[in-house]
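# Geometric and topological summary
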There are 2 protein chains.
Amino acid sequence: MTQRPTLVTVARAAGVSRQTVSNVINAPHLVSPETLELVRSILDDVGYRPNLAARQLRTGRSGNIGLRMRPSNDGINGAVLDGFLHALTEAAQAAGHRIVLFTAADDDDEVRGYRELLDTTNIDGFVLTDTHYGDSRTRWLSESGTAFVTFGRPWSSDSTPSPHSWVDVDGAAGTAAATSHLLSLGHTRIAFIGWPAGSGTGDERRAGWRRTMLDAHLPVEGLDRACADGIQDGSAAAADLLTTSDATAFVCASDSLALGALGSARRSPGVGVVGYDNTAVAAAVGMSSVAQPLELVARSVFDSLLAQLGPSPAAPVQQLVAPTLVARASSASLESADPRHAPFVGAP
Amino acid sequence: MTQRPTLVTVARAAGVSRQTVSNVINAPHLVSPETLELVRSILDDVGYRPNLAARQLRTGRSGNIGLRMRPSNDGINGAVLDGFLHALTEAAQAAGHRIVLFTAADDDDEVRGYRELLDTTNIDGFVLTDTHYGDSRTRWLSESGTAFVTFGRPWSSDSTPSPHSWVDVDGAAGTAAATSHLLSLGHTRIAFIGWPAGSGTGDERRAGWRRTMLDAHLPVEGLDRACADGIQDGSAAAADLLTTSDATAFVCASDSLALGALGSARRSPGVGVVGYDNTAVAAAVGMSSVAQPLELVARSVFDSLLAQLGPSPAAPVQQLVAPTLVARASSASLESADPRHAPFVGAP
C-alpha cells in the first residue's frame, strides 16, 4: 500500500543513525537498552521487515533457529513453554528470523534432530529448553561448534566443556515471594507441594520456600511433599497435609499441583494456595501464582543467540531474571475466611 | 545405541512391503487407513526417523512447512491453535518434516511472509489457519502455484480461482450437540452468546444452536447475544440475559465467553453453561465444552499437503470433521439445582 519502510526512514523517526538501526536488528548486544527499546517500538509501529534475501546473501546466515517442541501435557504446565514459543517467535520475527520446530522423544533423539536439521536445512543455531542434570545436549552442541542458548541454567558443571549462554528465571526467588506473601497474610504453617528431589528446577523452587520459612524461624518438618506433576497428585498431597498436619497454606511448584490443592482446600475456608507459572487456568479460577517474565526471557535468549552469530561473536552471557507474584483470591488471608471471596474449583 | 531402524525392519514388523512403509511416510493418501495406523504405530514404537538428507536430494523437497503463528490472546482461545500446532508438528515429524513458524500483522503481511520464506528458505508448502470471508491469502498461494492446505473451509467462492484442500471442524454440529445436551437436561430457554454476524466460524456456531432450537419448536427471540470474545464480554452478556430474559442455559461460541457466563451464573443455581474448544480452563473449572479433534485435523491437514508434494499430485481434498461434546458439571440439570455440585469461578 504505502512506501515500504527502510532503515533510513526508521533512523530518521528515531533520531539515530542508520548504523544504529542496523545494529538493533543484527547485533542488539551493541546497543544500549534504552535505544533498543525506542528503535524496536518504531520498527513495530512502521511494520519494518528486513530484506531477508539480501541479508542472507551478505551474511551467509539463514535466519532459521531450531527449537524442540515439547508435549503440552495437561495443557496447564505445557502452557509456559507455549507462551515462551510465542514470545520467541515474535522476538525472532522482529529481526527477520524464524523458528523451525521439531519434536523428539528424549535428549539423544533431540541431538539426532539437531544433526538432521544441520544436514538438511540452513540453521543458524538452536534454542534449548528444560535443562537438567547430566544434560548431553549442550555438550554435543558445544563440541560441534553450533551456536545455541538455553532457557534454563546448566545444572552441572561437568557436562559442558565451556560456559555457554543461558537465560533462566530465579525459581527460588519466586517461591520465596509466594511464601513471604502468605506470611504477610497471617499464615505460619505453610506447606510446600513439589516434585521429587533431583530436578534442578524443582529443587530450586523447594529451596525458596524452605529458606524463607527458616529465616522466619518457622518449622518446615512434616510440611514438605513430593509427588508427580498433576492435578490429582496436588489434590492428594494437599488432602494428606490437611489431615496429618496443621498446614493453613500451600506453596506449589506448578499451577497443576496448586489447582489440585485448591480443590482439596475448598471445604476449608481460609486456606491459602499459590501456584507457579501464572497460566490462563490460574487467572480463570482466581488463583495466585508466580509469573515468569516470558517476553523478557525470549528476547534475551534471542539477543544472546544473535550475539553469537555476528562476525565478531560476543562472549557467552548468563542471565538470571526475577519472576513476579500475581496475587489473587486464593491467597486467602487467615483472618478473613469469608467463603464468598474464596475461589472455587468444580469437580473435574 | 541399538541398530537404527530401517524401512525394511519396520516392514517386517508390520507384515507389509517396504514400498508400503515408504508410502506411509511419503504418500499416505495411497495407503488404507487401517494400514496407515498399523505402520505408524510401529514407526512410533521403534523410533524410526527417515533419512532426511537422502530424501531431500532424491525429491528436491526440503521437508519444511510454513505456518503463521497467531497471538495467544487471553491464553484460552489461543489454546486451540497451540494444540493444533503441537499436533501438526508431531504429524509432520513422524514423516520427517518440520514446521517453520513466522508471525504477521494481517493477511497482506502474511503473504509478504510467504514471499520472504519462499525467497530465503527451502519451503515445500504452507498450512493456513483462520480462513475468513474475502481471504486474500489463498488466492495468492493458488496463483503462485504454492502447495497449501487450510485448517478452516473457504468462506467465499470468489476469492480463490480453484478449489483447494482444506480440513475443517463442523462448528454448527458442535453447538447443535451442546444445545441438544442442554435440552436433554430439561432446559428449554437456552440462549446463545457468540460473536457479531459476519465471521464464517461464528455464524456457523450460531446456526447450530438456532437450528436445534427451531427444530424443537422453541423460541430464539431475545435469546441471541453478540459481543467481543472475552471473559468480561461473556459475563456481561449472560448477566443481561439473566435479567432481561428467562434464560436458564447458555451455549457459548468460545470457552472465554462461557467462563464469563459461568461467573455471572454462579449465584443462579441450575443455570447450564457449555463452552467451545474444551481448553484446559474448561477442564479445570468443570465446564462442559465442545472439543475439536485437533490430532485428527492436524494429521489430515498434513496428509493433504503431502499429497500435493508427490510426483503425481493428488486432487484437492475437502474434509469436514465432527467435534465431540465433553459434558461436565456446568451443564447443570434444571431439576437438580444442588449448589454443591455446581462449578464455581472465583473473582479474577
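Residues numbered from 1 in each chain as written. Chains lettered and ligands numbered in written order. Predicted model: local features only at pLDDT ≥ 70, side-chain atom pairs only at ≥ 80, totals over all residues.

### Concerning the pairing of strand β4 (residues 147-151) of chain B
The side chains of a regular strand alternate, residue by residue, between the two faces of the sheet. All names here are of chain B. Of all five residues in β4, five are buried, a share of seventy percent or more. Here β4 shows a buried face lined by Ala147, Val149 and Phe151 and a second buried face lined by Phe148 and Thr150. Bridge count for strand β3 (residues 125-129) against β4 is five bridges, and the pairing is parallel. In the sheet register, Val127 faces β4, and the bridge partner there is Val149. With helix α7 (residues 136-143) bridging β3 and its parallel neighbour β4, the resulting β-α-β unit is right-handed. (Buried ≥ 20, exposed ≤ 12 C-beta atoms within 10 Å, placed from the backbone. Helix = DSSP H or I, 4+ residues; strand = E, 2+ residues; numbered from the N terminus. Pairing = 2+ DSSP bridges. Right-handed = clockwise from strand over helix to strand, strands pointing away.)

### Focus on helix α13 (residues 294-309) of chain B
With 16 residues, α13(B) ought to run about 22 Å at 1.5 Å a step, and its terminal C-alpha atoms sit 23 Å apart, in line with that. Of all 16 residues making up α13(B), 13 are buried, and the element is well covered by its neighbours. (Expected span 1.5 Å × (residues − 1).)

### Things to note about the domain arrangement of chain A
Assigned domains within chain A: domain 1 (1-41), domain 2 (61-170 + 293-322) and domain 3 (171-292 + 325-341). Relative to domain 3 of chain A, the C-alpha centre of domain 1 of chain A lies at a distance of 45 Å. (Domains from an automatic or database assignment.)

### Some remarks on the sheet that holds strand β9 (residues 272-276) of chain A
Residue and element names in this part refer to chain A. Here we have six strands laid out as an open sheet, ordered β7-β6-β8-β9-β10-β12, and mixed in their pairing. Of all the strands in the sheet, just β7 (224-226) and β12 (324-326) have a single pairing partner and so form its edges. The sheet shows a mean angle of 20 degrees between the axes of neighbouring strands, taken without regard to direction. Pairing of strand β8 (residues 249-252) with β9, which is carried by three bridges, proceeds in the parallel orientation. (Axes fitted to C-alpha atoms, helices over the stretch in contact; angles between N-to-C directions.)

### Details of unusual backbone geometry
All names here are of chain B. The phi dihedral of His217 falls on the positive side, at around 60 degrees, and the residue is not glycine. Here His217 shows up in the loop between α9 (200-215) and β7 (224-226). Of note in this structure, Asp277 is not a glycine but carries a positive phi near 115 degrees. Take Asp277: it is sitting in the loop between β9 (272-276) and α12 (280-285). Since 27 C-beta atoms lie within 10 Å of it, Asp277 is described here as buried.

### Quick look at the confidence of the model for chain A
Residue and element names in this part refer to chain A. Averaged over every residue, the pLDDT of chain A is 88; the share at 70 or more is 90%. Note on residues 336-348: pLDDT under 50 across the span, and 35 contacts to partners over four residues away in sequence or across chains. Scored by ipTM, the complex comes to 0.82, with pTM at 0.84. (pLDDT = per-residue confidence, 0-100. Contact = placed C-beta atoms within 7 Å.)

### Considerations on the sheet that holds strand β8 (residues 249-252) of chain B
Residue and element names in this part refer to chain B. Taken in spatial order, the six strands line up as β7-β6-β8-β9-β10-β12 in an open sheet, and their pairing is mixed. The open sheet terminates on both sides in strands that have one partner only, identified here as β7 and β12 (324-326). The average angle at which neighbouring strand axes cross in this sheet is 20 degrees, direction not considered.

### Focus on the packing of helix α1 (residues 7-14) of chain B against helix α2 (residues 18-26) of chain B
All names here are of chain B. Axis separation between α1 and α2 bottoms out at 8 Å; the angle between their running directions is 105 degrees. Looking at the two axes, α1 sits roughly perpendicular to α2. Between α1 and α2, the contacting residues are Leu7, Val8, Val10, Ala11 and Ala14 on the first element and Arg18, Thr20, Val21 and Ser22 on the second. The class makeup of the residues in the contact of α1 with α2 is six nonpolar, two polar and one charged. (Parallel < 35°, antiparallel > 145°, perpendicular 65-115°, else oblique. Nonpolar A, V, L, I, M, F, W, Y, C, P; charged D, E, K, R; others polar.)

### Some words on the environment of Leu81(B)
All names here are of chain B. With respect to the helices and strands, the residue Leu81 is situated in helix α5 (residues 78-94). In the structure, Leu81 is positioned 51 residues away from Leu30 in sequence and 28 Å away in space, judged by C-alpha atoms. Apart from residues lying up to four places away in sequence, Leu81 is in contact with Arg70 and Thr129.

### Examining α5(B)
Residue and element names in this part refer to chain B. The terminal C-alpha atoms of α5, which comprises 17 residues, lie 25 Å apart, in line with the 24 Å expected from a rise of 1.5 Å per residue. Across the 17 residues that make up α5, a large majority, 17, are buried. Looking at the residues trailing α5, positive phi occurs at Gly96, about 75 degrees.

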